[in-house]
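# Breakdown of the fold
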Amino acid sequence: MKRKNEIFSLVFLFFSTVVLYAGDVPTVGFRNLSATGIDQPGLITLDNLIFDFLKEQRTINAVDLRSTPGEPEPVVQTDYICTGSISLENSRYYLTLVMYVMPDNVKTAEITRNYDSYNRILLESRTVLKELIEAMNRTSTLTDAPSEQVNFIPVTNLDALSGSWRGEEGIEKVVILRGGKAVVFFSTGISMQLELSLSDGKLIARQKGPNQVKYFVFLPAVVATKVAASAPPASWELSLTEDKQSLIGVHNTVEVSHNGTDVISVKEVSPQVKWDRE
């Protein structure tokens, strides 16, 4: 078990540099979860449950890489490593599941949810893991085209983009409206207004107004308040594919490190993303 003041790294959106070729079934190794404020029996129960759920996934080959204290970790070559943490902070239970691309150990997806009880985590952990696997698949698909040429055309009319778009991980839907406006609906149930513009043939989507604490709902409340006051507004820079069915580019956001109460760092990042027309 890691020390209480362990620093958690939480990423809004995720990026993978791995290339998976069609037909491959990736091998995912599962490592022990870490815990803060949770007793050992509770950690072991959740640890076993999540690995059982991982083995149920038909799109991957799950491998147990967990070890007991004092014993070396099993050495197995894998495409991904799945791990995470559970913590109890201010009467809220936080579950974070993370996927890393191997062998570079690069974070490709992360899901954080908070609950009012430990039993709720047990009930919801299968759904959280499923979302993590879906995020892993989306990011690998985004970069899985070494021989496929993607051609872009300039965006000349914002209204031509109006309609519903399926966004990247963490976004349920993006609705582009006429008149240079849009609304992002996040999977947390929160929405964000966007202002749209054009720059060098690209779509620029900027958060309308200042940050709100609700945008950082996956962080502890005290941390979210501090991040909302200091982080730059979110924005996207997207290019339109030749078939006009996808917008591909980057999401300018932040990566937050914290210890549960204090912000350790707020780092600006620009992961690759893709929106598909619905």
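So, how was this worked out
Residues numbered from 1 in each chain as written. Predicted model: local features only at pLDDT ≥ 70, side-chain atom pairs only at ≥ 80, totals over all residues. Heavy atoms only, no water. Helix = DSSP H or I, 4+ residues; strand = E, 2+ residues; numbered from the N terminus. Expected span 1.5 Å × (residues − 1). Buried < 20%, exposed > 50% of the residue type's maximum accessible area, 1.4 Å probe, protein only. Arc of directions from axis to C-beta. Polar contact = N/O pair within 3.5 Å; in protein donor to acceptor, adjacent residues only side chain to side chain. Contact = heavy atoms within 4.5 Å.

### So, helix H1 (residues 40-56)
Think of an α-helix as 3.6 residues a turn; residues three or four steps apart then line up on the same face. When the terminal C-alpha atoms of H1 are compared, their 25 Å separation across 17 residues agrees well with the 24 Å that a helix rising 1.5 Å per residue should span. All of the buried residues along H1 are Gly 42, Leu 43, Leu 46, Asp 47, Ile 50, Phe 51, Phe 53 and Leu 54. Summarising the axial view, the buried residues of H1 lie within an arc of 160°, below the 170-degree limit, and thus occupy one face. Its side-chain oxygen at 2.8 Å from the backbone nitrogen of Gly 42, Asp 39 defines the N-terminal cap of H1.

### A word on helix H3 (residues 221-230)
Among all positions in H3, only Val 223, Ala 224, Val 227 and Ala 228 are buried. End-on view of H3: buried residues confined to an arc of 130°, all on one side of the axis. Projecting away from the buried face of H3 at angles above 90 degrees are the exposed residues Ala 229 and Ser 230. Looking at the buried residues of H3, the elements they touch are strand S15 (246-258) and strand S16 (263-269).

### Regarding the side chain of Ser 235
Tracing the backbone shows Ser 235 in strand S14 (residues 235-241). Of the residues examined, Ser 235 reaches a relative accessible area of 13% and is grouped as buried. Not counting residues up to four positions away in its chain, the partners in contact with Ser 235 are Ala 205, Arg 206, Val 250, His 251 and Asn 252.

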